[in-house]
Amino acid sequence: MLKQASILLTAKQSLPLRQLLWTEHQGGQTGYHFLQSLTIDIPVADGSAVPWHMRIGYMLSMLKSVDDDTARHCQRVANITLALGTELGLPTGEIECLRWGSLLHDIGKIAIDPQIKNKPGKLTPEEYGYIKLHALAGAQMARQVMGDKVAEMIKHHHDHYDGSGYNQNVVGEDIPLGARIMAVADAFDAMVFDRPYRFAITREEAEEEIRQCANTQFDPKVVKGFINIMRQDALAGAGEAKNTMVGMPAP
Ligand SMILES: [Fe+2]
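Residues numbered from 1 in each chain as written. Predicted model: local features only at pLDDT ≥ 70, side-chain atom pairs only at ≥ 80, totals over all residues.

**Some remarks on the overall build of the chain**
Here's step 1: When helices and strands are counted, the chain shows ten helices and two strands.
Here's step 2: The helix and strand sequence of the chain, counted from the amino end, reads β-α-β-α-α-α-α-α-α-α-α-α.
Here's step 3: Sequence-distant contacts in the chain: of pairs separated by 6 or more residues, those separated by 24 or more amount to 64%. (Helix = DSSP H or I, 4+ residues; strand = E, 2+ residues; numbered from the N terminus. Contact = placed C-beta atoms within 7 Å.)

**A closer look at the environment of M153**
Here's step 1: By the secondary structure assignment, M153 is in helix α7 (residues 148-155).
Here's step 2: Separated by 18 residues in the primary sequence, M153 and A135 have C-alpha atoms spaced 9.3 Å apart.
Here's step 3: In contact with M153, not counting residues within four places along its chain, are C97, G101, P176, G178, A179 and M182.

**Points about the nonpolar core**
Here's step 1: Ranked by internal contacts, the top residues of the largest apolar core, which has 53 residues, are M59, L84, A142 and V184.
Here's step 2: Going through the elements one at a time, α2 (52-66), α3 (68-87), α4 (92-104), α6 (125-146), α7, α8 (177-192) and α10 (220-231) are the ones with two or more residues in this core.
Here's step 3: Excluding its chain neighbours within four sequence positions, the residues that come into contact with A142 are L104, V150, A151 and I154. (Core = buried A, V, L, I, M, F, W, Y, C linked by C-beta atoms within 7 Å. Buried ≥ 20, exposed ≤ 12 C-beta atoms within 10 Å, placed from the backbone.)

**Digging into the packing of α4 against α8**
In a pair of packed helices, the angle between the axes and the distance between the axes together describe the arrangement.
Here's step 1: Their axes nearest at 10 Å, the elements α4 and α8 cross at an angle of 50°. For the element pair α4 / α8, the angle class is oblique. The two elements α4 and α8 cross, and the hand of that crossing is right-handed. Together, C97, L98, G101 and S102 of α4 and G178, I181, M182 and A185 of α8 make up the contact between the two elements.
Here's step 2: Its residues assigned to classes, the contact of α4 with α8 shows five nonpolar, three polar and no charged. (Axes fitted to C-alpha atoms, helices over the stretch in contact; angles between N-to-C directions. Parallel < 35°, antiparallel > 145°, perpendicular 65-115°, else oblique. Left-handed = near helix turned anticlockwise from the far one by under 90°. Nonpolar A, V, L, I, M, F, W, Y, C, P; charged D, E, K, R; others polar.)

**Remarks on the packing of α8 against helix α9 (residues 203-212)**
Here's step 1: As a packed pair, α8 and α9 sit with axes 9 Å apart at the nearest point and diverge in direction by 145°. Pair α8 / α9 crosses with right-handed handedness. Between α8 and α9, the residues in contact are V184, A187, F188, M191 and V192 and R203, A206, E209 and I210, respectively.
Here's step 2: Taken together, the residues of the contact of α8 with α9 sort by class into seven nonpolar, no polar and two charged.

Structure follows, in structure tokens:
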């Protein structure tokens, strides 16, 4: 028989994500702008573990239903990271982690107030603080389903190579390689598609921007691999036209 269960927490306890984040960030701040009572419910068989691919399928379905723009962005980033991971010679297991991490890398955005997430103008420092929490929120969700490796990629996908960015207290090669790869793919996609706060730039302009940020925002080895696949036009299929989930398991 099937019943409903939350995948945000262990089986012992179920709390809204907002409360989870509050627990993580007790620093005197008030007024977190998160959706109320956010949980992801999935059917589970009594007394047995839910297959991980089924859990991922439900998470991806939920992301698509709550925030289709972000789901599309995640698909495109996954296309790029797979090409980049292959170019960098990652083993198959690492590429699989990269695939799932990329598809889920922004899932934490479903916890962010849409009025902040889609604000066309400049964010206040407080609003930017909420946006930044999406990396941690996404890592918390993914950890329940995919384990620590994928969760750590998601947690650090906005960290910069030189220690700036979201700055989760890791620098350079201490940032998980998957997160460093995702950072380049994420930035490229963010630049070549319109965002609420700015218009897209060309692929060539975005490539140049990434090249200039090697050693500061990005790992130079990852940038070199990215430029190689740009030269090979390996990203030709990574655009919006290829609108399918990369390897998405059926929910
Ligand atoms: Fe992100």
